[in-house]
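Chain by chain, the residues run as shown.
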Amino acid sequence: MLTPVFWITQDDTSLLIRIRAPHGNLAELDYDHGGFMFVFTCPPYFLRLQFKQMVEEYGSGNGKVEWKSEEGEFHIRIPKVHKNEQFTNLDMITELLNPTLEPHGRAMVEELEDVDPEDVEEDPEGNEFLIDQEVPVPECPQTDDFLKNHGYGFGWTKIGVIERLRAEIGKIVDIQNPEDMEIEKRVEEMSKVDLEAFDEGRYLADTLEPEQDLLSIIAFPFSLPLNLTDEDRVRLKDLRKTKIQKIWASDLEIATSLVDILYAYCYDQRVNQWETNCESGWTCSKLSPSLSYFVKFGSVKGCLISSIRRSLTYPLYRNFSLSSQIINDVCHVIKSGRTALLHILCDIHRIFIESGEFRYILNDLFITDYIFWIQSVPEDVLKTILKEMETEGIQKEDVGWDLEILETEARMKAVALDSDDEPDH
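Residues numbered from 1 in each chain as written. Predicted model: local features only at pLDDT ≥ 70, side-chain atom pairs only at ≥ 80, totals over all residues. Heavy atoms only, no water.

Moving on, we get to the overall build of the chain. Looking only at helices and strands, one finds 17 helices and 6 strands in the chain. Here the chain, with 425 residues, has 50% of them falling under the buried criterion. The long-range share in the chain, meaning contacts at least 24 apart out of those at least 6 apart in sequence, stands at 74%. Here the chain displays about 21,100 Å² of accessible surface, and carbon together with sulfur accounts for 48% of that area. (Helix = DSSP H or I, 4+ residues; strand = E, 2+ residues; numbered from the N terminus. Buried < 20%, exposed > 50% of the residue type's maximum accessible area, 1.4 Å probe, protein only. Contact = heavy atoms within 4.5 Å. Areas by Shrake-Rupley, 256 points an atom, 1.4 Å probe, with all protein chains shown as cover.)

Below, the structure written as C-alpha cells:
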C-alpha cells in the first residue's frame with residue numbers, strides 16, 4: 001500500500017484533510033475516525049493518522065467527504081469533539097503517521113525484543129497498531145562507555161560509520177578519526193584547526209573594503225520561505241525511523257547542535273539570495289561545527305562563537321557584520337515555529353542528497369533523526385534556546401582572535417601609507 005501526500009487545515013469546528021490519491025477509486029473508499037485516530041483506505045493507498053486532540057466518531061454523521069477529480073484528491077471533513085479547540089502540529093507529517101509513544105521526542109524509536117505478533121496483548125488505546133516498522137542497523141560492538149565518550153551524529157549515538165567508510169567518503173567531515181577523539185576534546189581541537197586556517201588578509205579585505213555585493217547581502221531583508229512544500233510532504237511521508245541506541249544527551253544539548261546546523265544553512269541562503277546552488281552542500285556541512293567536527297557544546301554562546309569563527313575562515317565572504325546577521329536569521333527561524341524548522345531540515349536533507357560527494361551520509365548521521373526529533377521535542381526546549389540566543393550578544397572580542405587589533409593595525413598602516421604618498425610642499 002502507498003502512503004499518499006496529505007494536507008490538514010482546521011477551523012473552529014472541524015479538520016479538513018486533503019488526500020492526494022490520483023489512482024484511487026471513489027467506490028473503493030473506506031475511512032474511519034474517532035478519538036485520536038483517523039484511518040483512510042482506497043487501494044492502492046493507506047493512511048493512518050493520530051492527532052493530539054480528539055475528533056468525533058465516524059458514526060456521529062457530522063463528517064463529509066468529497067472527491068475532487070480534477071485534482072485527484074479526497075477532501076474529508078472531520079468534526080472536532082471540543083469546538084474552538086486548536087489542534088497542534090498538523091504539519092508534523094511523520095509524527096502524525098508514526099507518533100512517538102513517549103511524552104516527548106527523545107525516545108525516537110523504542111528498541112524492541114523479537115516478539116511474535118500473536119503474543120502481543122491487545123491495548124485498549126489501540127497503541128499496538130502504532131509500533132514503528134524499523135530499518136535494522138548494524139550492531140555496534142563498542143561498549144556504552146566508549147559510545148558515550150566517542151559517539152557522533154544525532155545525540156552522539158553513532159559510532160564506527162566514518163571509520164568504515166573513510167576510503168569512500170574522503171573528507172566530507174573535517175574531523176579525521178572521530179573514534180579516536182573524545183567528545184569533550186573536539187571543540188578545542190576544532191578551534192586550533194580553525195585558527196590555523198584563518199586568513200587575516202581575506203578577513204581584513206572583507207571588513208575594511210567590503211564589496212558592494214557583500215554590503216547588499218548583509219542588508220537583504222529576511223526572505224527565506226518557511227512553509228512546508230509539497231516536496232517536503234513527500235519526503236516526510238517516505239522517511240522511516242531507524243532504531244537509535246540510548247541517548248545520553250539532553251534535549252537542550254541536541255537543540256544546541258541544531259543551532260549551528262541552522263546557522264550554516266542560513267549563511268548559505270543569505271549569500272545566495274535565498275536560493276541553493278552547487279556549493280550549498282559544501283557550505284552547509286563545512287560551516288556547521290556539529291556536522292564537520294562532531295562537537296558537543298556546553299552552551300549556546302559557545303556554539304555561536306564557533307559558528308562565527310568558521311564563517312570567518314572558510315566561505316567566500318568573511319565579514320563579522322554578516323556573521324552577526326546570520327544569528328538574527330536563525331532567531332527569526334526559531335521564532336517562526338516548528339513548521340519552519342521542519343521545512344529547513346527537509347531542505348538540508350535534499351541539499352545533501354543532491355550535492356553528491358557522499359554527503360547523504362550526513363543525513364544518515366544527523367538530519368533524518370533531527371527531522372523526527374523536531375516534530376515532538378517539547379516547546380520549552382526551543383523557547384530556552386531562543387532566549388539564550390537573544391540574550392547572548394556575540395562581540396568581536398568573544399571570537400578570541402584579536403579581530404579589533406587586526407583592524408586597528410591595518411587602518412594605521414593604511415594611514416601611514418597615505419601619508420607617505422602625499423607630495424612634499
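It is worth spelling out the packing of helix H12 (residues 320-335) against helix H15 (residues 379-391) at this point. It is the contact of H12 with H15, at a shortest axis distance of 10 Å, that shows an interaxial angle of 155 degrees. When the axes of H12 and H15 are compared, the pair comes out roughly antiparallel. In this structure, the crossing between H12 and H15 has a hand that is left-handed. Across from Ile327, Val330, Cys331, Ile334 and Lys335 in H12, the residues of H15 making contact are Leu382, Ile385, Leu386, Met389 and Glu390. When grouped by side-chain class, the residues that make up the contact of H12 with H15 number 8 nonpolar, no polar and 2 charged. (Axes fitted to C-alpha atoms, helices over the stretch in contact; angles between N-to-C directions. Parallel < 35°, antiparallel > 145°, perpendicular 65-115°, else oblique. Left-handed = near helix turned anticlockwise from the far one by under 90°. Nonpolar A, V, L, I, M, F, W, Y, C, P; charged D, E, K, R; others polar.)

Glancing now at the environment of Phe36. Inspection of the secondary structure assignment puts Phe36 in strand E3 (residues 30-42). With 20 residues separating them along the chain, Phe36 and Glu56 place their C-alpha atoms 8.9 Å apart. Setting aside chain neighbours within four positions, we find Phe36 in contact with Leu49, Gln50, Phe51, Lys52, Gln53 and Met54.

As a further point, take the packing of aromatic side chains. Per the stated rule, a full pass over the model turns up 14 aromatic pairs. Between Phe154 and Tyr370, the ring centres sit 5.0 Å apart and the planes meet at 90 degrees, which makes this aromatic pair edge-to-face. Of this pair, Phe154 sits in the loop between helix H2 (144-150) and helix H3 (161-169) while Tyr370 sits in helix H14 (residues 360-374), placing them 216 residues apart in sequence. No difference in accessibility class separates Phe154 from Tyr370, as the two residues are buried. Ring geometry for Tyr370 and Trp373: centres 5.7 Å apart, planes at 90 degrees, overall edge-to-face. With Tyr370 and Trp373 both in helix H14, this residue pair falls 3 residues apart, about one helical turn. With respect to class, Tyr370 is no different from Trp373; both count as buried. (Phe/Tyr/Trp six-rings, centres within 6.5 Å; stacked < 30°, edge-to-face > 60°.)

Moving on: the nonpolar core. Note on soluble globular proteins: their nonpolar side chains tend to be buried together. Among the nonpolar cores identified, the biggest contains 119 residues, and Phe38, Phe40, Leu49, Phe51 and Met389 are the most heavily contacted of them. Counting residues per element, this core draws most heavily on helix H8 (residues 251-271), at 12 residues. Excluding its chain neighbours within four sequence positions, the residues that come into contact with Phe51 are Ile8, Leu15, Ile17, Phe36, Phe38, Phe87, Leu90 and Leu96. (Core = buried A, V, L, I, M, F, W, Y, C linked by side-chain atoms within 4.5 Å.)

Turning next to the sheet that holds strand E1 (residues 5-10). Working definition: the strands of a sheet are paired by backbone hydrogen bonds and lie parallel or antiparallel to each other. Reading across from one edge, E1-E2-E6-E5 is the order of the 4 strands in this open sheet, with antiparallel pairing throughout. The open sheet terminates on both sides in strands that have one partner only, identified here as E1 and strand E5 (64-68). Across the sheet, the mean angle separating the axes of adjacent strands is 15 degrees when strand polarity is ignored. Each of E1 and strand E2 (14-20) touches helix H7 (residues 230-238); the most contacted strand, E1, lies at about 110 degrees to it. (Pairing = 2+ DSSP bridges.)

Under the criterion given, the structure shown has 24 salt bridges. Between Glu73 and Arg18 there is a salt bridge; the shortest N-O distance is 3.1 Å. Of the two residues, Glu73 is situated in strand E6 (residues 73-79) and Arg18 in strand E2; the sequence distance between them amounts to 55 residues. The residue Glu188 makes a salt bridge to Lys192 at a minimum N-O spacing of 3.8 Å. Of the two residues, Glu188 and Lys192 are both situated in helix H4 (residues 183-197); the distance of 4 residues between them amounts to about one turn of the helix. Look at the salt bridges and you will find they share partners, linking Asp174, Asp194, Lys286 and Arg310 into a network. (Salt bridge = Lys/Arg side-chain N within 4 Å of Asp/Glu carboxyl O.)

Bringing helix H6 (residues 212-219) into the picture now. Here H6 has its buried residues at Leu214, Ile217 and Ile218. Buried residues of H6, viewed axially, fall in a sector of 95 degrees; they line one side. Structural note: H6 exposes Gln212, Asp213 and Ala219 on the side pointing more than 90 degrees away from its buried face. Check the buried side of H6 and you find it contacts helix H5 (200-208), H8 and H12. (Arc of directions from axis to C-beta.)

This part covers unusual backbone geometry. Here the residue pair Pro43 and Pro44 is connected by a cis peptide bond, since its omega of 10 degrees sits within 30 degrees of zero. Looking at the secondary structure, you find Pro44 in the loop between E3 and strand E4 (45-55). Within the chain, Asn84 stands out as a residue other than glycine whose phi angle is a positive 70 degrees. Counting through the fold element by element, Asn84 comes out in the loop between E6 and helix H1 (93-97). Under the relative-accessibility criterion, Asn84 is labelled exposed at 54%. Its identity is not glycine, yet Gln273 carries a phi of approximately 55 degrees, on the positive side.

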